[in-house]
Amino acid sequence: MTSLARLRAPEANRSNALHPGAWWLWSLGLAVAASRTTNPLLLGLIVGVAGYVVAARRTDAPWARSYGAFVKLGLFVVALRVVFSLLLGSPIPGSYELFTLPEVPLPSWAQGVRIGGRVTAEQVVFAVYDGLKLAALLICVGAANALASPARLLKSLPGALYEAGVAVVVAMTFAPNLVADVVRLRTARRLRGRPTGGVRALLQIGLPVLEGALERSVAVAASMDARGYGRTARVPASVRRTTHVLTLGGLLGVCAGSYGLLAAQGASYGLPLLAAGLLAAVAGLRLGGRRAARTRYRPDRWGARAWLVAGAGVVVAVAMIWAGSVAPDALRPGVVPLEAPQLPLWPAASVLIGLLPAFVAPVPAGPGKESARP
């Protein structure tokens, strides 16, 4: 086999399926990058990168259809952000007045709150930029939902986090399953010649969707009970206390560090806090794994392609954080005075590194096969 053939992405099967954690690290890296900028050109590039990878590597599984719903949700967030800005005003000063809404008089205790009034172009542009950033974050999370199998993600969790992981995975799969149920019911109504739009159709579709969610929850509970869910091994009390302290402290450190990375001025303390939290959490999880009495059937392996996919997201995030510290004006175009956004070249080039999974991740199987591994 030549070296070129070895670099080509193989077709996904049971032995080479990509680890679901790699997809989540890649998408979270894009989300961190999106959180560091309000430049609409860079945000559009990040969304385009996520969309291209999803189009190239998603399967026919039900959760893979949720990406479109996240895109629509992102557009709704942009529209809602603009509407709130028009109705409630904005602290952004502006000189280009577009129109004036009727202002509602408020009592004295509501000073500082405004409903209606003057609407400026700077205010609207600021709201659009802010809404685009939120939409890009949602779409990046939607990309992970569309690419990573929730069942395999749950199976890959450490034993100490299995109970909490069940709740998280069920929460993450709610949106894809909801979208799949709505699409299935709308298709059935369309084939029967019934309307799929309007309030009446929405009510008639909503009840079967809720029934399906309840039946699925009962089936999952029965399956977990049949597999001996909840069995734990006995460990000394000192080990349990140490595990709780390390795990909770580590996860709090990870949350605080992640917040620091996502916040505008928190990059200086976010990274060390995130690293310390990860170390403490890993130590706690290894100790907590002694209580888990379950085994794994065909565990996912973290191979070279998983490192490349996860590394692409990490590189994009680090490059954008660094760009925010050395060239903040390029990532945050001004709105007062209004100026046309420009595409900074090397931050844009770093975002394109996020396309790497579209070329190195295993190619999904053909139509009719939902995923490489259940």
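Residues numbered from 1 in each chain as written. Predicted model: local features only at pLDDT ≥ 70, side-chain atom pairs only at ≥ 80, totals over all residues. Heavy atoms only, no water.

Turning our eyes to something else, we now look at the UniProt feature "transmembrane region" (unreviewed entry) in the protein chain. In this numbering, the UniProt entry assigns the feature "transmembrane region" (unreviewed entry) to residues 23-55, 67-88, 160-183, 244-262, 268-285, 306-325 and 345-365. In the segment residues 67-88, helix accounts for 100% and strand for 0%; the C-alpha atoms at its two ends are 31 Å apart. (UniProt positions renumbered as here; feature names shortened; annotations may be inferred. Helix = DSSP H or I, 4+ residues; strand = E, 2+ residues; numbered from the N terminus.)

Let's shift gears to the confidence of the model for the protein chain. Confidence in the prediction for the protein chain averages 79 pLDDT; 80% of positions are at 70 or higher. For the protein chain, the element scoring lowest by mean pLDDT is helix H1 (residues 3-7), at 56; helix H3 (residues 40-57) scores highest, at 94. This model gives residues 368-374 a pLDDT under 50, and the stretch forms 23 contacts once residues within four places in sequence are excluded. (pLDDT = per-residue confidence, 0-100. Contact = heavy atoms within 4.5 Å.)

Before going further, it helps to examine the side chain of Gln123. Its place among the elements puts Gln123 in helix H5 (residues 121-147). The exposure class of Gln123 is buried, given its relative accessible area of 3%. Among the polar contacts made by the side chain of Gln123, one reaches the main-chain carbonyl oxygen of Ser85 at a distance of 2.6 Å. If we skip the residues at most four places from it in the chain, Gln123 touches Ser85, Leu86, Gly89, Ser90, Arg114 and Arg118. (Buried < 20%, exposed > 50% of the residue type's maximum accessible area, 1.4 Å probe, protein only. Polar contact = N/O pair within 3.5 Å; in protein donor to acceptor, adjacent residues only side chain to side chain.)

Now for helix H2 (residues 20-35). With 16 residues, H2 should reach 22 Å at 1.5 Å per residue; the first-to-last C-alpha distance of 23 Å fits that figure. In terms of burial, H2 is a largely internal element, 14 of the 16 residues being buried. (Expected span 1.5 Å × (residues − 1).)

Working definition: an aromatic ring pair is given by the centre-to-centre distance plus the angle between the planes. Tallied over the entire structure, the rule returns four aromatic pairs. Aromatic pair Tyr52 and Phe359: ring centres 6.5 Å apart, planes at 35°, arrangement tilted. Taken as a pair, Tyr52 in helix H3 and Phe359 in helix H14 (residues 357-360) lie far apart in primary sequence, 307 residues in all. The exposure class of Tyr52 is partly exposed, given its relative accessible area of 44%. (Phe/Tyr/Trp six-rings, centres within 6.5 Å; stacked < 30°, edge-to-face > 60°.)

It is worth spelling out the pattern of salt bridges at this point. All told, the structure shown has two salt bridges when counted by the stated rule. The closest approach of N and O atoms between Arg81 and Asp130, which form a salt bridge, is 3.1 Å. Of the two residues, Arg81 sits in helix H4 (residues 67-88) while Asp130 sits in helix H5, which places them 49 residues apart along the sequence. Judged by relative accessible area, Arg81 falls into the partly exposed class, the value being 23%. Relative accessible area serves as the criterion here: at 22%, Asp130 is assigned to the partly exposed category. Residue Arg118 is joined to Glu97 by a salt bridge in which the shortest nitrogen-to-oxygen separation is 3.0 Å. Of the two residues, Arg118 sits in strand E2 (residues 117-120) while Glu97 sits in strand E1 (residues 97-101), which places them 21 residues apart along the sequence. (Salt bridge = Lys/Arg side-chain N within 4 Å of Asp/Glu carboxyl O.)

Turning to the environment of Ser27, a few remarks are in order. Here Ser27 shows up in helix H2. Under the relative-accessibility criterion, Ser27 is labelled buried at 2%. Sequence separation of Ser27 and Gly354 is 327 residues, and the distance between their C-alpha atoms is 8.9 Å. A polar contact of 3.0 Å, which involves the side chain of Ser27, links it to the backbone oxygen of Trp24.

Tracing the backbone through its elements, the reader meets Arg189 in helix H7 (residues 162-191). Since its relative accessible area comes to 10%, Arg189 is described here as buried. Excluding anything up to four places from it in sequence, Arg189 contacts Arg194, Pro195, Thr196, Ala201, Gln204 and Ile205.

Of the consecutive residues Val336 and Pro337, the connecting peptide bond is found in the cis state with omega at 0°. By secondary structure assignment, the location of Pro337 is in the loop between helix H12 (328-331) and helix H13 (345-352).

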